[in-house]
Amino acid sequence: MSDRSREAADRAVAYLMEISPLMRGCAIFDPDGGVVAATGDHDSWREPGRRFISAVDSTPVAGGNATHGHVATGQGEVFVVCEEDFHAVAVFDRFCLASLVFFDLRAAIRDIRGESGAVSAGAPGAGA
Amino acid sequence: MPPKPHRLVLDRVSGYADEAAAYLRRRRHHRRPFARVSGPGGSSQGFAPDTAEGRTLFEAADALIAVAPRRPS
């Protein structure tokens, strides 16, 4: 991923933190499982993020390709979305609005993908 | 025929009591831990904490929550 794309990814993560007061942190993963952008230390997100994505994808309903997942515990809520083979993982305080979280995470991935120029001309939503 | 004055007060108090009960029910429901995964085609499934998939999901979620501390208020 180019420097420009990484800057776009960092901006997307910063924007998510700005518009989501209940968000504690998030990370964006590329199709290879690498951390493209994250709040705080990227290394600290890598293994826990991969583990969560793998746990979600391995459920029977996902069949290896979950579209999104949501786990709420007493300590917080964790969201993951998959959009165009990228994954966004986010940790929130309890009682956030899940539908809005999913929307924001997908929008962040699309912004990053659009900036990286990886969206093909024939893909749905291209140019939107 | 206009309602008797005490009926208005009773109806209002009953309404408040119903709202409070609904609020408490929602809070009890929202405090329960849950996990839900959606797959291709719009299908989704919930996983209880005492199932194998649920344990895997909750343990992975706990590890992620540990990575992201609460924001200072």
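Chemist: What am I meant to see in the pairing of strand S2 (residues 35–38) of chain A here?
Modeler: Looking along a regular strand, one sees the side chains alternate between the two faces of the sheet. Residue and element names in this part refer to chain A. As defined by bridge partners, strand S1 (residues 23–29) adjoins S2 across three bridges and the pair is classed as antiparallel. When the bridges of S2 are listed, Ile 28 appears paired with Ala 37. Between S1 and S2, which pair antiparallel one after the other, the connecting turn spans five residues, and Gly 33 there sits at a positive phi close to 90°.

Chemist: Explanation requested: the pattern of salt bridges in the structure shown.
Modeler: It is possible for side chains of opposite charge to pair when their charged atoms get near one another. Going through the model one piece at a time under the given rule, you end up with ten salt bridges over all chains. Arg51(A) serves as the salt-bridge partner of Glu59(B), at 3.8 Å between the closest nitrogen and oxygen. Residue Glu59(B) is located in helix H2 (residues 52–67), and its partner Arg51(A) is located in helix H2 (residues 42–57); the two belong to separate chains. Judged by its relative accessible area of 44%, Glu59(B) is partly exposed. The salt bridge involving Arg94(A) is made with Glu77(A); its shortest N-O contact spans 3.3 Å. Residue Arg94(A) is located in the loop between strand S5 (86–92) and helix H3 (98–116), and its partner Glu77(A) is located in strand S4 (residues 77–83); the two are separated by 17 residues in the primary sequence. Exposure class is identical for Arg94(A) and Glu77(A). Each is buried.

Chemist: Looking at this model, I keep getting lost on H2(A). Mind explaining?
Modeler: The α-helix advances 3.6 residues per turn, and as a result positions three or four apart in sequence lie on the same side. Residues and elements named next belong to chain A. Under the 1.5 Å per step criterion, the end-to-end length of H2 is 22 Å for 16 residues, consistent within 8% with the ideal 22 Å. Along H2, the sharpest kink reaches roughly 25°, centred on Pro 48. Among the residues of H2, those classed as buried are Trp 45, Pro 48, Gly 49, Phe 52, Ile 53, Ala 55, Val 56 and Asp 57. The opening residue of H2, the one whose side-chain oxygen lies 3.3 Å from the backbone nitrogen of Asp 43, is Asp 41.

Chemist: Explain the interface of chain A and chain B here, please?
Modeler: Bring the parts together and some accessible area is lost; that lost area is often taken as the interface size. Contacts between the two partners involve 37 residues from chain A and, on the opposite side, 32 residues from chain B. Taken over both partners, the interface formed by chain A and chain B buries close to 2,800 Å², and the fraction arising from carbon and sulfur atoms is 66%. By the criterion of area lost to chain B, the three top residues of chain A are Arg24(A), Val61(A) and Phe95(A), representing 22% of everything that side buries. Here chain A is connected to chain B by two salt bridges. The salt bridge partner of Arg70(B) is Asp93(A), with a shortest N-O separation of 3.3 Å. One can count five residue pairs in polar contact (both at pLDDT 80 or more) joining chain A with chain B.

Procedures and definitions
Residues numbered from 1 in each chain as written. Chains lettered and ligands numbered in written order. Predicted model: local features only at pLDDT ≥ 70, side-chain atom pairs only at ≥ 80, totals over all residues. Heavy atoms only, no water. Pairing = 2+ DSSP bridges. Helix = DSSP H or I, 4+ residues; strand = E, 2+ residues; numbered from the N terminus. Salt bridge = Lys/Arg side-chain N within 4 Å of Asp/Glu carboxyl O. Buried < 20%, exposed > 50% of the residue type's maximum accessible area, 1.4 Å probe, protein only. Expected span 1.5 Å × (residues − 1). Bend = angle between axes of the 7 residues up to and from the residue. Polar contact = N/O pair within 3.5 Å; in protein donor to acceptor, adjacent residues only side chain to side chain. Contact = heavy atoms within 4.5 Å. Buried area = accessible area lost by both parts, 1.4 Å probe.

These figures capture arrangement, not role.
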